[in-house]
Structure formats: C-alpha cells, structure tokens
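Notes for the structure review
One-letter residues, chain by chain:
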Amino acid sequence: MNRIFISRPNITELEKSAVMAVLDSGHLAQGPRTAEFEAGFAEMIGVRHAVAVANGTCALQIALMAEGVGPGDEVITTPFTFMATISTIFFTGAKPVFVDIQEDTYNIDPDLIEAAITPRTKAILPVHLYGQLCDMEKIMAIADQHGLRVIEDACQAVLANDGTRYAGGFGTGTFSFYATKNLMTGEGGMVTTNDDAVAERARMLRNHGMKQRYYHDMLGFNYRMTDIQAAIGLAQMSKLAEMTRRRRQNAAYLNERLHSVKTPRASLESAHVWHQYTVRFANQEKRDAAVKQLGEAGIDTGIYYPIPAHRQKSIAAMVGEVNCPVAEEAARQVLSLPVHPLLSIEDLDRIVEKVNEL
Ligand SMILES: *Cc1c(COP(=O)(O)O)cnc(C)c1O
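Our subject in this report is the structure included herewith.

Another point: the overall build of the protein chain. Within the protein chain one finds 11 helices and 11 strands. Dimensions of the protein chain along its principal axes, counting C-alpha atoms only, are 65 × 55 × 35 Å. Burial status across the protein chain gives 56% buried among its 358 residues. Across the protein chain, every contact between residues at least 6 apart in sequence was considered, and the portion connecting residues at least 24 apart equals 71%. Summing over all exposed atoms, the protein chain offers an accessible surface of approximately 15400 Å²; the carbon and sulfur share of this is 52%. Each charge sign in the protein chain was given a centre, from 35 positive and 42 negative side chains, and these centres are 3 Å apart.

Axes are the key here: two packed helices are described by the angle between their axes and the distance separating the axes. Running from N to C, helix α3 (residues 56-66) and helix α6 (residues 196-206) point in directions that differ by 130°, and their axes come no closer than 9 Å. By the angle between their axes, α3 is oblique relative to α6. The chirality of how α3 crosses α6 is right-handed. Between α3 and α6, the residues in contact are I62, M65 and A66 and V198, R201, A202, L205 and R206, respectively.

Inspection of the secondary structure assignment puts V51 in strand β1 (residues 49-53). Among the residues examined, V51 registers a relative accessible area of 1% and is labelled buried. Along the sequence, V51 and R203 sit 152 residues apart, while their C-alpha atoms lie 6.4 Å from each other. In this view, V51 contacts E38, G189, M190, V191, A199, A202, R203 and R206; residues no more than four positions away in its chain are not counted.

Here is what the cut-offs are and how they apply
Residues numbered from 1 in each chain as written. Predicted model: local features only at pLDDT ≥ 70, side-chain atom pairs only at ≥ 80, totals over all residues. Heavy atoms only, no water. Helix = DSSP H or I, 4+ residues; strand = E, 2+ residues; numbered from the N terminus. Buried < 20%, exposed > 50% of the residue type's maximum accessible area, 1.4 Å probe, protein only. Contact = heavy atoms within 4.5 Å. Areas by Shrake-Rupley, 256 points an atom, 1.4 Å probe, with all protein chains shown as cover. Lys, Arg positive; Asp, Glu negative; His and termini not counted. Charge placed at Lys NZ, Arg CZ, Asp CG, Glu CD. Axes fitted to C-alpha atoms, helices over the stretch in contact; angles between N-to-C directions. Parallel < 35°, antiparallel > 145°, perpendicular 65-115°, else oblique. Left-handed = near helix turned anticlockwise from the far one by under 90°.

Right, here's the structure in full:
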C-alpha cells in the first residue's frame with residue numbers, strides 16, 4: 001500500500017532542465033532568471049512590483065519594514081497562523097494585537113477589527129489561511145477609514161481572488177515558495193506591491209540597503225533569491241493554473257463524499273486555492289484519534305495549527321491576556337487531509353473510505 005502524503009512537489013523535466021540551464025550559465029545568485037520570475041509573478045498577480053526573496057519569512061519581515069512598521073507600533077493580526085507571521089512583527093520592534101477568527105473560514109473576523117484599533121495601530125496583517133482569501137473588501141474599507149497600512153500574508157494563497165483582485169494585490173503582499181506550497185522553489189518568497197516607494201525599500205532591504213553597489217543608504221540584509229530557485233519558480237508558474245484547478249477539483253470531490261466530518265466550504269470558488277483541505281471534528285479526542293487511525297491506514301494528515309500564536313511559549317508572557325476563543329477551539333478540532341494536485345482518484349477514494357469509517 002502506497003503512502004498518501006500531505007503534500008508532494010510537482011517536479012518534471014521542466015524544472016530539471018531549467019535548473020541545469022542555470023548551472024550551465026555560471027550565474028547562480030540573483031540574476032536574470034530572478035528578474036524574469038519577478039516580472040512574470042507581478043503580471044500574474046496584477047501588481048506593479050514583485051521583489052523576490054529567500055523565503056516567506058524574509059518577505060514578511062521586509063514587507064513590514066518597507067511599510068514603516070517599527071518600535072512602538074501595533075499590528076492587528078490573527079493568532080491562527082504560522083508563527084512567522086507573528087515573529088516578524090516582533091523583530092521590527094512592533095507588537096501584534098490578536099483579533100479572533102471566523103468560525104467557518106478560519107480567517108481574521110473583520111467585524112472584530114475596529115475594536116482592536118488604538119492610536120498606536122500602524123497596520124492590519126490578514127492571513128489568507130489554507131489558501132482562502134480573507135474578506136478583503138471589509139478589511140480594506142477599515143484600513144482606508146483609519147489610515148492603516150495592509151500587509152497580506154498570502155504565503156498559502158497564490159491565485160486566490162475575489163473576482164476583482166488576487167491575494168497580495170490589495171495591500172503589500174507576501175508569498176512563500178517553501179517546498180510544500182502551491183507554487184514551490186524549495187525555499188523562496190516574494191513581496192508584491194503597487195506602491196513604488198515600498199517596492200524600492202523592499203529591494204534595498206533585501207540587498208544590504210544598496211541601490212548602487214557599496215553605497216549603503218540604509219541598513220539591510222542578504223535576503224536574496226538565487227537564479228536556481230527562480231528557474232524552478234518560472235517552471236512552476238507555468239503549471240500553476242492547472243495545479244490550482246486540480247486542487248479545486250480534489251476539494252470538490254472530497255466535499256461531495258465525506259459525511260463523517262464537517263467539510264470546508266469556499267465562500268466563492270475563486271477565493272480558495274486549497275493549499276490545505278481542512279475538516280473539523282467535534283472535539284480534540286476525536287481529532288487526535290483520526291490522526292492515528294488515518295496514519296495507520298497510510299494517509300498523512302496535518303494539524304495547522306495546534307497552538308494559537310498567543311499561547312506559544314516564546315511570546316505568551318509578552319502578549320498577556322488575549323481573548324480569541326474561536327481560534328482556541330479551532331486549534332483543538334481541525335485536521336487537514338491531502339488535497340495536492342498529484343493525488344490519483346484511487347488516493348482520493350481511499351481517503352474518503354477511511355475518513356468515513358472514523
Ligand atoms: C509558509 C508560511 C510562512 C513562512 O514562509 P517560509 O517560506 O517558510 O519562511 C508564513 N506564513 C504562512 C501563513 C505560511 O504558510
């Protein structure tokens with residue numbers, strides 16, 4: 001019996017020959033392939049600028065800093081996310097202010113944002129969790145009204161859209177191309193923005209604060225992408241529409257057939273790119289038993305995320321009392337099943353059979 005993995009990189013001759021061409025070219029660090037990847041990505045998302053970086057965490061840190069977030073500022077965000085969303089806020093010297101999530105989408109609840117705004121609030125950082133676009137219409141309206149910047153964590157949501165714009169095209173966007181993401185380069189990331197000044201600062205922060213070589217106008221980092229990664233990214237980008245279509249098809253297949261668990265629903269077909277297909281159990285005991293039983297049946301699962309950010313040891317003492325009961329309950333009850341584009345019908349049928357037996 002073959003194991004059904006929670007994610008699989010979709011590597012074909014396209015990626016292999018693209019990488020070989022870079023190795024043969026002798027130009028391995030950030031170069032022409034990276035520029036090409038940035039231009040193609042900006043066009044795909046419909047933004048003026050895309051700045052390629054080493055990974056999604058670098059993208060978040062650079063986006064926050066380029067947007068002017070710093071010491072004394074507050075950033076409104078969700079506790080139900082990967083820790084990089086939160087650690088990067090702290091590393092700018094700012095503080096996260098946690099707002100609870102919606103029960104059905106697991107994304108930040110826009111109706112709770114205004115109550116969290118203080119004179120120190122600088123930005124809102126929504127996370128398009130599992131690949132589903134947040135309610136950006138409401139979030140952008142609140143940001144406009146209060147003069148706040150918006151930095152989107154679109155690391156899981158490349159191509160998610162509401163029919164008007166793509167994730168990462170509303171505010172300043174951040175993407176991850178980690179090996180398990182919908183578009184992957186092994187490690188990699190991107191900052192997207194329509195703001196020329198933010199783009200310029202992001203480019204400088206990525207490369208030691210330089211516009212001109214060895215003239216360091218600001219302090220920066222080495223967060224550059226290599227042309228090897230960019231070549232993989234270009235190949236992946238050409239397959240992304242088809243890979244996304246397959247994710248949507250797999251999610252629909254599971255939604256039609258699973259009846260023993262609460263299945264996920266997209267608010268709008270285009271708004272969800274199914275980075276994760278996340279079902280929900282009545283309680284933690286049932287969820288944890290499912291992990292064990294499915295694992296024994298050769299089906300990998302994932303819990304994203306078992307501990308809300310404000311409960312993490314590293315920051316619990318710094319953030320104090322946080323009232324996010326919906327996120328806390330979700331952390332106990334969610335389970336993600338395989339939905340990636342390389343699943344066969346036989347794989348999907350085995351998942352259906354085993355989950356319905358729970
Ligand atoms: C993957 C991910 C990140 C971090 O990206 P890396 O490339 O792993 O640094 C940040 N936020 C979310 C929501 C992610 O899924």
